[in-house]
Amino acid sequence: MSNPSETTQNGSNGVPAIASAAVFTASSQVPKGTDLIRGYDFDNGVDYNALLNSYATTGFQAASFNRAVEIINHMRAWRLSDEPINDSDQGDDLDMEYRKTVKCKVFLGYTSNLVSCGVREVIKYLVKNKMVDVVVATAGGVEEDFIKCLAPTYMGAFENKGSELRSKGLNRIGNLIVPNDNYCKFEEWVMPILDQLLLEQTRDGTVWTPSKIIQRLGKEIDHPDSIYYWAYKNDIPIYCPAITDGSLGDMIYFHSFRNPGLVIDLVQDIRGVNGQAVYAKKTGIIILGGGLVKHHICNANLMRNGADFAVFINTAQEFDGSDAGARPDEAVSWGKIKTTAESVKVYAEASLVFPLIVAQTFASGS
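Draft legend 1. Highlighting the nonpolar core. Ranked by size, the top nonpolar core spans 73 residues in total, and within it Tyr110, Val127, Tyr228, Ile286, Ile313 and Phe354 carry the most contacts. By residue number, the principal contributor to this core is helix α10 (residues 180–204), which donates nine residues. Setting aside chain neighbours within four positions, we find Tyr110 in contact with Val115, Ile123, Val135, Val136, Ala137, Thr138, Gly141, Ile227, Tyr228, Leu288 and Val293.

Draft legend 2. Representation of the packing of aromatic side chains. Per the stated rule, a full pass over the model turns up eight aromatic pairs. Centroid distance Tyr253 to Phe257: 5.0 Å. Interplanar angle 85 degrees. Geometry classified as edge-to-face. Placement of the pair is Tyr253 and Phe257 together in helix α13 (residues 247–258), with a separation of four residues, close to one helical turn. With relative accessibility at 49%, the residue Tyr253 sits in the partly exposed group.

Draft legend 3. Highlighting the packing of helix α7 (residues 119–128) against helix α17 (residues 350–360). For the pair α7 and α17, the least separation of the axes is 10 Å and the interaxial angle reads 30 degrees. Accordingly, the angle class assigned to the pair α7 and α17 is roughly parallel. The crossing of α7 and α17 is left-handed. Counted together, Val119, Val122, Tyr125 and Leu126 of α7 and Ala350, Ser351, Phe354, Pro355 and Val358 of α17 form the full contact between these two elements. For the contact of α7 with α17, a count of residues per class yields eight nonpolar, one polar and no charged.

Draft legend 4. Region of interest: the sheet that holds strand β2 (residues 134–137). Here six strands make up an open sheet; going across it, the order is β6-β2-β1-β7-β8-β9 and the pairing parallel. Each of the sheet's edge strands pairs with one partner strand only, and the pair in question is β6 (238–239) and β9 (337–347). In this structure, strand β7 (residues 283–288) lies alongside strand β8 (residues 307–314), joined through five bridges in parallel fashion. Within the sheet, the bridge partner assigned to Gly284 lies in β8 and is Phe309.

Draft legend 5. Spatial organisation of the layout of surface pockets. Estimated volume of the largest pocket: approximately 240 Å³. Lining the largest pocket are Met75, Arg76, Arg79, Lys103, Cys104, Val106, Asn129, Lys130, Met131, Asp133 and Phe362. A breakdown of the residues in the lining of the largest pocket according to their chemical character gives five nonpolar, one polar and five charged.

Draft legend 6. Structural context of the side chain of Asp308. Of note, Asp308 is situated in strand β8. Excluding its chain neighbours within four sequence positions, the residues that come into contact with Asp308 are Lys282, Thr283, Lys338, Ala341 and Glu342.

Draft legend 7. Here's a closer look at α13. In this model, α13 (twelve residues) spans 16 Å end to end at C-alpha, consistent with the 16 Å of a helix rising 1.5 Å per residue. Buried within α13 we find Ser247, Leu248, Gly249, Met251, Ile252 and His255. The secondary structure elements touched by the buried residues of α13 are α8 (139–150), α10 and α11 (210–221).

Draft legend 8. Spatial organisation of the sheet that holds strand β3 (residues 154–155). Spatially, β3-β5-β4 is the arrangement adopted by the three strands of the open sheet, whose pairing is antiparallel. The open sheet has two free edges, formed respectively by β3 and β4 (170–173), since each of these has just one partner strand. Two elements, β4 and strand β5 (residues 176–179), share four bridges in a ladder whose sense is antiparallel. Paired with Arg172 across the two strands is Ile177, which belongs to β5. On top of the sheet, α10 reaches β4 and β5; it is set at about 50 degrees to β5, its chief contact.

Draft legend 9. The arrangement of the pattern of salt bridges in detail. As enumerated under the stated definition, the model contains 15 salt bridges in all. Arg67 is the salt-bridge partner of Glu342, the closest N and O atoms lying 3.1 Å from each other. Placement of Glu342 in strand β9 and of Arg67 in helix α4 (residues 60–77) is noted, with a sequence separation of 275 residues between them. Between Arg120 and Asp145 there is a salt bridge whose closest N-O contact spans 2.9 Å. Within this pair, whereas Arg120 is found in helix α7, its partner Asp145 is found in helix α8, the two being separated by 25 residues in sequence.

Draft legend 10. Quick look at unusual backbone geometry. Of note in the backbone geometry, Phe60 takes a positive phi value of approximately 55 degrees without being a glycine. Inspection of the secondary structure assignment puts Phe60 in helix α4. Even without a glycine there, the phi angle at Asp222 is positive, about 50 degrees.

Draft legend 11. Examining the pairing of β8 more closely. The buried fraction of β8 amounts to eight of the eight residues, a majority that puts the element mostly inside the structure. Regarding topology, helix α15 (residues 292–302) serves as the crossover connection from β7 to the parallel β8, and that connection is right-handed. Of the pairings in the sheet, the one linking β8 to β9 comprises seven bridges and is parallel in character. In the sheet register, Asn314 faces β9, and the bridge partner there is Tyr347.

Conventions we followed
- Residues numbered from 1 in each chain as written.
- Predicted model: local features only at pLDDT ≥ 70, side-chain atom pairs only at ≥ 80, totals over all residues.
- Heavy atoms only, no water.
- Core = buried A, V, L, I, M, F, W, Y, C linked by side-chain atoms within 4.5 Å.
- Buried < 20%, exposed > 50% of the residue type's maximum accessible area, 1.4 Å probe, protein only.
- Helix = DSSP H or I, 4+ residues; strand = E, 2+ residues; numbered from the N terminus.
- Contact = heavy atoms within 4.5 Å.
- Phe/Tyr/Trp six-rings, centres within 6.5 Å; stacked < 30°, edge-to-face > 60°.
- Axes fitted to C-alpha atoms, helices over the stretch in contact; angles between N-to-C directions.
- Parallel < 35°, antiparallel > 145°, perpendicular 65-115°, else oblique.
- Left-handed = near helix turned anticlockwise from the far one by under 90°.
- Nonpolar A, V, L, I, M, F, W, Y, C, P; charged D, E, K, R; others polar.
- Pairing = 2+ DSSP bridges.
- 1 Å grid on protein atoms, 1.4 Å probe; cavity = no way out; pocket = protein on both sides within 12 Å on 5 of 7 lines; lining within 4 Å.
- Points joined across faces, edges and corners; volume = space filled by probe spheres on them.
- Expected span 1.5 Å × (residues − 1).
- Salt bridge = Lys/Arg side-chain N within 4 Å of Asp/Glu carboxyl O.
- Right-handed = clockwise from strand over helix to strand, strands pointing away.

Structure follows, in structure tokens:
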């Protein structure tokens, strides 16, 4: 037997009015010009450029990938001549021809695993061809580059058992294998250089900073596969505030017993990296991974009230309040990215997407 209230609340077709209204809620008009979702059609053959361009209308992280490409191309294309002359401009800044030569200063940051893997060659390409202006790396991101010049890293598997690898003197980085002998070779190479740095400190009064040490190591390695060889050749500063947090730190520790006295000054480098941001007309930041490199670059840009372009690529989530997981908008709240900036976070593993992003930006020739 039906409930009397059901009779009064049902529509003419017997469907409850509340259910009908809930399911068939009227839509407001979608703004004119909104992109339609459409993916790549492989009936047109395999065209990798068209495939990656189709990410713009694929949605989800594919759309974020496309936005990262757009932002990086915008930072590459920017010139001071794009901006009107203002009252604070003086000297060369008033010369339109000079303004056409002033580019956005590009900061690149990455974690050590990206140098351990094949992304190292992508980073080397950017540094070799002067496509980035300032680099911030972890200690591992520095030493792994030099170690690879001395001995190779091998493919392994995530499932390789730690206890078995340890008994064989093999170290695992994800699904990569690094023989422990590689670090012994690194010690043999770097120790005499540390001796020389101490000699120059004592004899000449040289003040060593992490960036100066990395520049010197880049000179000494003298190897075209090295990121830091090309940074040395192209005078691109490499900042590494946690230079002791890795094998290089181990070597500095051992050296402090064998030949004590080497001092590394961090103050010059914090002035250096902050100054790179403060005196730039425009800044763009590209950060692969999180942690120290992400915060160090963002904090330097705080000194100029924020970066103008920002691309984050990592897999971290923001629910735990970590800096690694934070989206660009959190950095806006701190003044590390401008309120008017173009920014995006791509939730993806960098070895998978960064080479493709470089293919669509720096390496595209446009």
